[in-house]
Amino acid sequence: MNIEELPLPSVLRDFLTSKRGIRTLYPPQEEAIKAGLLNGENVLMVSATASGKTLLAEIAAINNILVNDKKTLVAVPLKALAFEKLSDFNTYSELGIRVAASTGDYNSEDKWLGSYDIVVTTYEKLDSLLRLKPSWIWEVGQLIIDEIHFINDDERGPIIESIVAKLRMLNLNPQIIGLSATIGNPEELANWLNAKLVKSNWRPVSLREGVYHKGVITYVNDGERRISGQGDSLVNLTVDTLNDGGQVLVFSSSRQGAVRIARKLAEYVCSSPVRYIDPTEANELAEEVKEASSSRILAEELTSLIRCGVSFHHAGLELEVRRIIEEGFRRGVLRVLASTTTLAAGVNLPARRVIINEYRRYEPGFGFIEIPVMEYKQMAGRAGRPGLDPYGEAIIVVSSKDEVDYVIDKYIKSPPEYVKSNFMNTTSLKFHILSAVASQYADTINELVTFISNTFAGFQGRLSSVIQANSIRRMISRIIDELVDYGFIIKNGDKLEATEVGAVVNRMYLDPDTAHVFIMGLNSLNNEADLNAYSLMLVVKSPKIPKVKVRKNEVDDLAQQVVSMWPSIPLKPSDEDELLNYPEDYEDLLSEFKTAMALLEWINEGSEDQVMKTYDVQPGDLRVLSDQAEWLIGALQELAKTLGLSSSIVNGLRTLRYRVKYGVNDELLELVVNLEGVGRVRARALYNAGYRTIEDLAKATVSDLTKIRGIGDKIAVSILEQARQLVKDGRVVKFNETMVKGRTRRSGGGLLDHLY
């Protein structure tokens, strides 16, 4: 099928052919068009990576805007994916298409999004928007759910279901387009979505799959091939691909494994007499990563590897650093990339050969477990660069001959697992039932049954049957009783209504159990506690906060620190000795304490390297930790206000929220909050040079500011323009003394600041 044959506006057809160079469709794309994709039909498209799902979603979205004059929502599982999609859709800006991404601040209905045609969000952000029901939501005519197989995920799956159920309860009925490469039961998912199923194994580049053991690749239905070389498995497989002009993507089950692999392969590539890379391009990329990295330690390691055409990639790296590395691999500057499996979750980064170094990974409490088939399929799908590779290869490395046939049968010959709903677990039900009541999607148990019947769980559970419906009704009743006990819902006969506190819990996107813990903690706050330490110790109790592991050699030292800060430990036993009788609780407390201490180091302006060395928290993890903590402290602030706690506590939490967001002491807040392009490092330099307020800066000159380290002409001009405009408009955000109660003393920004 040619692009000219499509029922598209001429401006879009011309753009696709002249600007994108697209003249024909791939077979799966053609099948989706015939299924009614451009005519408003719901479509579930399950096809291989690089088979054109993304392009087709783009065409459908632009068509929806130009023809129907409706908005398109694009929901993705990860922030990194949201910004990748934002970049993809911005390609169409010359057609007058306005695109925005919104991934955080669950307490905001983002009215500003009303002026955009395409809104890219994470699943969580979209669910929070549907709770707040912004006026522009009624203009939505299309929902694209990318990586819809995440419906199988314990946390994100119920959120996808909630989104669909809420849209149905609002009678919005947008066109739903689901995209995935790996679903074992797509027919069932398509039926739930009332969608036409487009299922295809077609790939633009053929895929060869095999298992490697002791120098031999055993291909499925394609014989064996011996790989020359005296090195280990990864070196041999990598060199074999590099010699043939291809790139290599190696997946490891752990971060440490990815780093070790990158070091080993970089050492070989750099010492090889064969020139695999362009040294000038590699050096330029290394400098770009060095400039973007806030960690000198990681920057030094990365730059030494990148100069050899090799890098590692994992969530511990900052988002911008990861983006630069990904782009370097796409451009061919990097020839080898060692990554954790997070890279397989939708990021468009194909390679000639994908090597799965382990098919087992360690899970705390379970030991080594085999990865799901779905995960293997996601990784294998990255093999083969359309237009660059004659084929793609996915190779699993095993350590024994006995594993070869087992792995072929288990992973290569097997379909991915069936996706199933996780909506009906108690934690999920509490979260979404409170949401349905507080956001007025349902105000009776019968309406809650209707709400749940619209989820994938309702579809899979066949809630239309009387027995199932009665069972769900009893389950809902039990949860309603718990929410009543928490003080989040009140019952008035058959009617259900959220209390003021329950409405805040819903608006702040808190799960009810966590909110209950927060409220108990706030009500237990006493004058002896340091507000910052206490609040951080309280928010790290949320399951949304990733906890820092405690090493055995740290236990005694951390225990002493806990005792020294005992008045600031929330929801603790009545005395220290009582805690020692509960080893599991004790271990959890130490882990929470260490996590809170990492955040305290951050807000006291400890460097990323200091936080990494002391607390094992890498820059990417620190950003996730601070983002989550900022959201939860904001929730604490709203709860404190609703509970009628003192203004000093409410204002102290407000200040702490900003300190966690920017990683600064309170005296820098005016600078970092008001000025774009001024982070913690530049703000400290400005402050130390005597520029304490926006008014101080408004009186400065460019030559004054360029004398300060880290501030060039361009930044200086920007700072002055912003400061003068803010003063002129009277829009300077101030943080006066009443807003910084509970501040932490600063003398070098270390842990000792808090041990008093």
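Residues numbered from 1 in each chain as written. Predicted model: local features only at pLDDT ≥ 70, side-chain atom pairs only at ≥ 80, totals over all residues. Heavy atoms only, no water.

**Student:** Please clarify how the overall build of the chain should be interpreted in this entry.
**Tutor:** Helix and strand counts for the chain stand at 32 helices and 19 strands. Here the C-alpha radius of gyration of the chain, 27 Å, is about what a compact globule of 756 residues would show, namely 27 Å. Over its C-alpha atoms, taken along the principal directions, the chain stretches across nearly 75 × 70 × 60 Å. Scored against the burial criterion, the 756 residues of the chain give a buried share of 56%. For the chain, contacts bridging at least 24 residues in sequence account for 71% of all contacts bridging at least 6. In the chain, which carries 88 positive and 101 negative side-chain charges, the distance between the mean positions of the two groups comes to 3 Å. (Helix = DSSP H or I, 4+ residues; strand = E, 2+ residues; numbered from the N terminus. Rg over C-alpha atoms; globule rule 2.2 N^0.38 Å. Buried < 20%, exposed > 50% of the residue type's maximum accessible area, 1.4 Å probe, protein only. Contact = heavy atoms within 4.5 Å. Lys, Arg positive; Asp, Glu negative; His and termini not counted. Charge placed at Lys NZ, Arg CZ, Asp CG, Glu CD.)

**Student:** So what exactly am I meant to see when it comes to the layout of surface pockets here?
**Tutor:** With a probe scaled to a water molecule rolled over the atoms, the places where space remains empty come into view. Considering only enclosed or pocket space, the second largest pocket measures out at about 1400 Å³ in volume. If you trace the second largest pocket, you find 48 residues lining it, with Thr54, Glu84, Asp88, Arg330 and Asn348 closest to the centre. Those elements that provide at least two residues to the lining of the second largest pocket are helix H3 (53-68), helix H4 (79-89), strand S6 (175-180) and helix H12 (319-330). Class assignment of the residues belonging to the lining of the second largest pocket gives a composition of 15 nonpolar, 16 polar and 17 charged. (1 Å grid on protein atoms, 1.4 Å probe; cavity = no way out; pocket = protein on both sides within 12 Å on 5 of 7 lines; lining within 4 Å. Points joined across faces, edges and corners; volume = space filled by probe spheres on them. Nonpolar A, V, L, I, M, F, W, Y, C, P; charged D, E, K, R; others polar.)

**Student:** What am I meant to see in the pattern of salt bridges here?
**Tutor:** As enumerated under the stated definition, the model contains 49 salt bridges in all. For Arg385, the salt bridge goes to Asp389, with nearest N and O atoms at 2.5 Å. You can call Arg385 buried: its relative accessible area is 9%. What makes Asp389 buried here is its relative accessible area of 8%. Of the charged contacts in the structure, one is a salt bridge between Asp443 and Lys495, with a shortest N-O distance of 3.4 Å. Taken as a pair, Asp443 in the loop between helix H15 (426-438) and helix H16 (445-453) and Lys495 in strand S19 (residues 495-498) lie far apart in primary sequence, 52 residues in all. (Salt bridge = Lys/Arg side-chain N within 4 Å of Asp/Glu carboxyl O.)

**Student:** So what exactly am I meant to see when it comes to the pairing of strand S4 (residues 118-122) here?
**Tutor:** One face of the sheet, then the other: side chains in a regular strand alternate in exactly this way. For S4, the buried fraction is high: 5 of the 5 residues fall into the buried class. Of the two faces of S4, both are covered, the one formed by Ile118, Val120 and Thr122 as well as the one formed by Val119 and Thr121. With 5 bridges joining them, strand S2 (residues 71-76) and S4 adopt parallel strand pairing. By the bridge assignment for S4, Leu73 is matched with Val119. With 4 bridges joining them, strand S3 (residues 99-102) and S4 adopt parallel strand pairing. Each residue of the ladder has a partner; that of Val99, found in S4, is Ile118. (Pairing = 2+ DSSP bridges.)

**Student:** Got a minute to help me understand the sheet that holds strand S14 (residues 353-356) in this structure?
**Tutor:** Paired through their backbone hydrogen bonds, the strands of a sheet run either parallel or antiparallel. Spatial strand order, S10-S9-S8-S17-S14-S11-S13-S12: 8 strands in an open sheet with mixed pairing. What marks the edges here is a single partner per strand, and that holds for strand S10 (224-226) and strand S12 (310-313). Averaged over neighbouring strand pairs, the angle between their axes works out to 20 degrees when direction is ignored. In the sheet, S14 pairs with strand S17 (residues 392-397) via 4 bridges, with the strands oriented parallel. Bridging from a neighbouring strand, Arg353 pairs with Glu393 of S17. Helix H8 (residues 233-243) contacts strand S8 (207-213), strand S9 (216-219), S10, strand S11 (248-251), strand S13 (336-339), S14 and S17 of the sheet and is inclined by roughly 175 degrees relative to S14. (Axes fitted to C-alpha atoms, helices over the stretch in contact; angles between N-to-C directions.)

**Student:** Would you take a moment to explain the packing of aromatic side chains for this structure?
**Tutor:** Each aromatic ring pair is characterised by the separation of its centres together with the angle its planes make. Under the counting rule described, the total for this entry stands at 14 aromatic pairs. Ring centres 5.2 Å apart and planes at 40 degrees place the aromatic pair Phe15 and Tyr92 in the tilted group. Of the two residues, Phe15 is situated in helix H1 (residues 10-19) and Tyr92 in the loop between H4 and S3; the sequence distance between them amounts to 77 residues. Phe15 sits in the buried class, given a relative accessible area of 4%. (Phe/Tyr/Trp six-rings, centres within 6.5 Å; stacked < 30°, edge-to-face > 60°.)

**Student:** Help me understand helix H6 (residues 156-169) in this model?
**Tutor:** Between the first and last C-alpha of H6 there are 20 Å, a value that for 14 residues agrees with the 20 Å anticipated at 1.5 Å per step. Along H6, the residues classified as buried are Gly157, Pro158, Ile159, Ile160, Glu161, Ser162, Ile163, Val164, Ala165, Lys166 and Leu167. (Expected span 1.5 Å × (residues − 1).)

**Student:** For this particular structure, what's the right way to read H12?
**Tutor:** Spanning 12 residues, H12 covers 16 Å between terminal C-alpha atoms, matching the ideal 16 Å at 1.5 Å per step. Within H12, the full set of buried residues consists of Val321, Arg322, Ile324, Ile325, Glu326, Gly328 and Phe329. Buried residues belonging to H12 abut S11, helix H10 (279-292), helix H11 (296-306), S12 and S13. The first or second residue beyond H12 is Gly332, which carries a positive phi of 85 degrees.

**Student:** Just to check I follow, could you spell out the side chain of Lys430 for this structure?
**Tutor:** When you line up the elements, Lys430 lands in helix H15. Separated by 2.7 Å, the side chains of Lys430 and Asp513 make a polar contact. Not counting residues within four places of it along the chain, the set of residues in contact with Lys430 comprises Ile479, Glu482, Leu483, Tyr486, Pro512 and Asp513. (Polar contact = N/O pair within 3.5 Å; in protein donor to acceptor, adjacent residues only side chain to side chain.)

**Student:** What's the story with the sheet that holds strand S7 (residues 196-200) in this structure? I'm lost.
**Tutor:** Spatially, 7 strands are ordered S3-S4-S2-S5-S6-S1-S7 in an open sheet, and the strand pairing comes out parallel. Edge positions in the open sheet fall to S3 and S7, since each of these has one partner strand only. In this sheet, adjacent strand axes meet at a mean angle of 15 degrees when their direction is disregarded. Direction of pairing for strand S1 (residues 43-47) relative to S7: parallel, over a ladder of 5 bridges. Among the inter-strand pairings, Val46 is bridged to a residue of S7, identified as Lys199. Contacting S1 and S7, helix H2 (residues 27-34) crosses the sheet at an angle of about 170 degrees to S7.

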